[in-house]
Amino acid sequence: MKKIAFQLIIVVLVTTMISCKNKKESPIVYKTESLIIEQITPSVFKHKSYLQTDSFGKVGCNGMIYISNNEALVFDTPTNDTVSKELIRWIEKEKKARLSGVVVNHFHDDCLGGLHAFHQQSIPSYANNLTITLAKKDSVTVPLHGFDNRLELSLGSNNVITQFFGEGHTKDNTVSYIENEKVLFGGCLIKSLTAGKGYLGDANVATWSATVQKVKTTFPEIKKVIPGHGKVGDTALLDYTIKMFQE
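Because the structure is predicted, anything quoted here is derived from the model rather than measured.

(A) Quick peek at the sheet that holds strand E10 (residues 158–164). Strand order across the open sheet formed by five strands is E9-E10-E11-E12-E13, with mixed pairing between neighbours. This sheet does not close on itself; its edge strands, each paired only once, are strand E9 (150–155) and strand E13 (224–227). Across the sheet, the axes of successive neighbouring strands diverge by a mean angle of 20°, strand direction being ignored.

(B) The nonpolar core, seen in detail. Counting residues in each nonpolar core, the largest one holds 24 residues, and the members touching the most others are Ile 65, Leu 87, Ile 91, Leu 99 and Phe 118. Only strand E4 (57–68), strand E5 (71–75), helix H2 (81–94), strand E6 (98–103), helix H3 (109–112), helix H4 (115–120) and helix H5 (129–137) provide two or more residues apiece to this core. By residue number, the principal contributor to this core is H2, which donates five residues. By size, the runner-up hydrophobic cluster in this structure holds 18 residues, among which are Ile 161, Val 175, Tyr 177 and Leu 237.

(C) Looking closely at the environment of Leu 73. Of note, Leu 73 is situated in strand E5. Linking Leu 73 and Val 44, residues 29 residues apart in sequence, is a C-alpha distance of 9.8 Å. Setting aside its immediate chain neighbours within four residues, Leu 73 contacts Met 64, Ile 65, Tyr 66, Ser 100, Gly 101, Leu 153, Leu 155 and Val 160.

(D) Structural context of the pattern of salt bridges. The full count for this structure, using the stated rule, is five salt bridges. A salt bridge links Glu 38 to Lys 46; the shortest N-O distance between them is 3.4 Å. For Glu 38, a relative accessible area of 14% corresponds to the buried category. Relative accessible area serves as the criterion here: at 3%, Lys 46 is assigned to the buried category. Between Lys 182 and Glu 221 there is a salt bridge, and its shortest N-O distance comes to 3.7 Å. Note that Lys 182 is positioned in the loop between strand E11 (174–178) and strand E12 (183–187) and Glu 221 in the loop between helix H6 (205–218) and E13, a separation of 39 residues in sequence. A relative accessible area of 25% places Lys 182 in the partly exposed class.

(E) Focus on the packing of aromatic side chains. Considering all chains together, one arrives at four aromatic pairs under this definition. Centroid distance Tyr 177 to Phe 219: 4.5 Å. Interplanar angle 25°. Geometry classified as stacked. Highlighted residues: Tyr 177 in strand E11 and Phe 219 in the loop between H6 and E13, separated in sequence by 42 residues. Residue classification places Phe 219 among the buried positions, given a relative accessible area of 6%. Centre to centre, the rings of Trp 208 and Phe 245 are 3.8 Å apart; their planes meet at 10°, and the pair counts as stacked. A residue pair is termed long-range when its members are at least 10 positions apart, and Trp 208 in helix H6 and Phe 245 in the segment after helix H7 (236–244) qualify at 37 residues. Chaining the aromatic ring pairs together yields one cluster made of Phe 165, Tyr 177 and Phe 219. One cation-aromatic arrangement involves Lys 58 over Tyr 50; the distance from NZ or CZ to the ring centre is 4.8 Å.

(F) Up close: the packing of H6 against H7. Between H6 and H7, whose axes approach to 8 Å, the crossing angle comes to 155°. On the basis of the axis angle, H6 is roughly antiparallel to H7. Crossing of H6 over H7 shows left-handed handedness. Contact residues: Trp 208, Ser 209, Val 212, Gln 213 and Lys 216 in H6; Leu 238, Asp 239, Thr 241 and Ile 242 in H7. Residues that form the contact of H6 with H7 fall into these classes: four nonpolar, three polar and two charged.

What counts, and where the lines are drawn
Residues numbered from 1 in each chain as written. Predicted model: local features only at pLDDT ≥ 70, side-chain atom pairs only at ≥ 80, totals over all residues. Heavy atoms only, no water. Pairing = 2+ DSSP bridges. Helix = DSSP H or I, 4+ residues; strand = E, 2+ residues; numbered from the N terminus. Axes fitted to C-alpha atoms, helices over the stretch in contact; angles between N-to-C directions. Core = buried A, V, L, I, M, F, W, Y, C linked by side-chain atoms within 4.5 Å. Buried < 20%, exposed > 50% of the residue type's maximum accessible area, 1.4 Å probe, protein only. Contact = heavy atoms within 4.5 Å. Salt bridge = Lys/Arg side-chain N within 4 Å of Asp/Glu carboxyl O. Phe/Tyr/Trp six-rings, centres within 6.5 Å; stacked < 30°, edge-to-face > 60°. Lys NZ or Arg CZ within 6 Å of the ring centre and 35° of its normal. Parallel < 35°, antiparallel > 145°, perpendicular 65-115°, else oblique. Left-handed = near helix turned anticlockwise from the far one by under 90°. Nonpolar A, V, L, I, M, F, W, Y, C, P; charged D, E, K, R; others polar.

Structure follows, in structure tokens:
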């Protein structure tokens, strides 16, 4: 009897460990060499494409997709037009959704490198006015519609807030928050757990922590956080980023 009881305990422990592991991992719903899409909630997905850099090699770059009422919003494009077309096809053919817009987090290539592909299909794009100014200076594809500080977009009755809280990774970086899903797309302003400081060429390190603290205070009900690079987490990513740039 003792042997059977011991075996049952082992089975329960292993099952619990597997269950916990599965809860932590987001299911991959689409994968090619150039694009990976993970499901975060029934309506929210993370898309990941790749950027070849001089300093950090091949870097995985995250964006977000929100689908509701057969409409979709994309937050940050894949890193080039070819992969953006792949993402658009997946949304339209696999999810049967119409793309209502794309929101750009800041002016770097990992946010708007594939923007031209969206414009080719007459999909409107949105960004902080400062992002538009910086994109023009870089002679890259420029978002079509600008805003100052705060933008609200709706899919049906569901609201998405994109807001500028201050400088950090760049002087123009924003975040986007899906209210009913309690999901934050932090972009490169937010670091994944165990990440380093990354590229600081356009950063304001002195204000970075204060900017993230404002995000945390403004959206106290956040459940999921998608960083610009690395794994999805929760508000621990905000705390990790705040601490990193306080040091």
